[in-house]
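# Overview (structure and organization)
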Amino acid sequence: MVYRYESDEDAFEEYPEPGSDLSVLGAGPPPPAGPSPSRFPTPSLARANQLSLPSSQPPPARTELPPAAPRSQVYTSAQPAEPPVRRGGGRLWQVLIGGAAVLVLLALCGLGAAALLIDRTPQPQATPTYQPNAAPTSAAAERLALDSRDTDQAPLTAKELFPGKTLKLTDGQPSYQVLKTHSSGSCAVAATGEVADLLVRLGCNQVVRATLRTPDGDHLVTTGLFNLTDKVSAERARDRIRQLLDERQGRFRGLTGGDGDGTDVLASAPARVGWQVRGHYLAYALVVRKDGAAVKAGDTKVREILFDMIELHLSRGVLQQRADGGTAAQPTAAPTDNSGSQGGSTGDEDLPGD
């Protein structure tokens, strides 16, 4: 229901204002019956079938119209529309409720942001306590301990590598027999030709080795460690040695014992050699058959011996114990008859006798 005042253009002409001349409105003859004439008249044409009949009923008498209501009280609908009532109290409550909702939303956003900041705030790390005699507690510390003679200053000893006359690697397996051990400050005594020169050029200052008999008695093996300056020099020696052995420009020497113990074959029989680097050490092993026969390339027994000496004994045993904090005394000045405890091979080579 929309309330509005009518303009002059909307005034009802049927209801003239008081004092208007009604005769003017009703003057003239009544309009003819029938359809109203067209707004745009057309020429009058004679129609043969059209008849003009007079009206049989008199025109209706015009009744008196009631006085028109004042212009200010005319509405577009039959019933006047009530003006809208302003309710200031309802508007105030809407404002208050909306403001409270905004405050609650801001509080929730603030709590979420605070939780994210707490999660991303780094927690203070506990400062480790230094213990002078403590063993390395991580793989990184272990690598640093063996990467250079600067961090691994204690020299190797024959007692450290071969502490007894037998060497037992795994429980339930027979032991290797240690026939002879040797420690020297000259690495050239354990190699020949270009191999010996290479070790000296790369800063090797110590070799500790031993000769052992396998549990089945069919093979002899000389194995030990070369002590080089750092890991880089040890890796250079490892990579260059294969080329020198292939070109027959040098070899590793087998450690013979003499006195009819059958170790002389180490100096003359074809040998199978393996070597590996861990830290600044070059671990190696040389295997020959007891009868001096050639060793086949696919001999699984020889490969097992190389793995036992280099990986299990020298690397996982001796060097792992050293990385964990073991110590050693100065090398002996002369050969000894002691033996010792784990390594892995990166290569192997058949070597002819000298």
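The text that follows walks through the structure, step by step, so that each part is easy to find. In this text the structure is predicted, and so the values were computed from the model without any measurement.

## Thoughts on helix H7 (residues 300-323)
- Along H7, the sharpest change in direction is near 40° and occurs at Leu314.
- Measuring from the side-chain oxygen of the N-cap residue of H7 to the backbone nitrogen of Lys301 gives 2.9 Å; that N-cap residue is Asp299.
- Once H7 ends, the next one or two residues include Gly325, with phi positive near 115°.

## Concerning the packing of helix H5 (residues 193-201) against helix H6 (residues 231-246)
- It is at 9 Å that the axes of H5 and H6 come closest, and there the two elements cross at 165°. As the angle between them shows, H5 and H6 are arranged roughly antiparallel. Like other packed secondary-structure pairs, H5 and H6 cross with a definite hand, here right-handed. Residues Glu194, Val195, Leu198 and Leu199 of H5 pack against Ala237, Arg240, Ile241, Leu244 and Leu245 of H6.
- Each residue belonging to the contact of H5 with H6 can be placed in one class, and the counts come to 7 nonpolar, no polar and 2 charged.

## Observations concerning the pattern of salt bridges
- Evaluation of the coordinates by the stated rule reveals 6 salt bridges.
- Here Asp216 makes a salt bridge to Lys301, at a shortest N to O gap of 3.9 Å. On the criterion of sequence distance, the pair formed by Asp216 in the loop between strand E4 (206-213) and strand E5 (219-227) and Lys301 in helix H7 is long-range, its members being 85 residues apart.
- Since its relative accessible area comes to 38%, Asp216 is described here as partly exposed.
- By relative accessible area, Lys301 is classed as partly exposed at 30%.
- Note that Arg238 is salt-bridged to Asp239, the shortest N-O span being 3.0 Å.

## Focus: unusual backbone geometry
- Positive phi values are uncommon outside glycine, yet Arg248 reaches one of about 55°.
- Structurally, Arg248 can be placed in the loop between H6 and strand E6 (250-252).

## Structural notes on the pairing of E4
- Along E4, 8 of the 8 residues are buried, which leaves the element largely enclosed by surrounding structure.
- Of the two faces of E4, the one carrying Gln206, Val208, Ala210 and Leu212 and the one carrying Val207, Arg209, Thr211 and Arg213 are both buried.
- Where strand E2 (residues 176-184) lies against E4, 7 bridges are found, and the strand directions are antiparallel. Paired with Ser183 across the two strands is Val208, which belongs to E4.
- Sheet topology note: the E4/E5 ladder contains 8 bridges and is antiparallel. Bridging from a neighbouring strand, Ala210 pairs with Thr223 of E5.
- Linkage of E4 to E5, two consecutive antiparallel strands, is achieved through a turn of 5 residues, within which Gly217 is found at a positive phi near 80°.

Cut-offs used in this document
- Residues numbered from 1 in each chain as written.
- Predicted model: local features only at pLDDT ≥ 70, side-chain atom pairs only at ≥ 80, totals over all residues.
- Heavy atoms only, no water.
- Bend = angle between axes of the 7 residues up to and from the residue.
- Helix = DSSP H or I, 4+ residues; strand = E, 2+ residues; numbered from the N terminus.
- Polar contact = N/O pair within 3.5 Å; in protein donor to acceptor, adjacent residues only side chain to side chain.
- Axes fitted to C-alpha atoms, helices over the stretch in contact; angles between N-to-C directions.
- Parallel < 35°, antiparallel > 145°, perpendicular 65-115°, else oblique.
- Left-handed = near helix turned anticlockwise from the far one by under 90°.
- Contact = heavy atoms within 4.5 Å.
- Nonpolar A, V, L, I, M, F, W, Y, C, P; charged D, E, K, R; others polar.
- Salt bridge = Lys/Arg side-chain N within 4 Å of Asp/Glu carboxyl O.
- Buried < 20%, exposed > 50% of the residue type's maximum accessible area, 1.4 Å probe, protein only.
- Pairing = 2+ DSSP bridges.

Treat this as a map of the structure, not an account of what it does.
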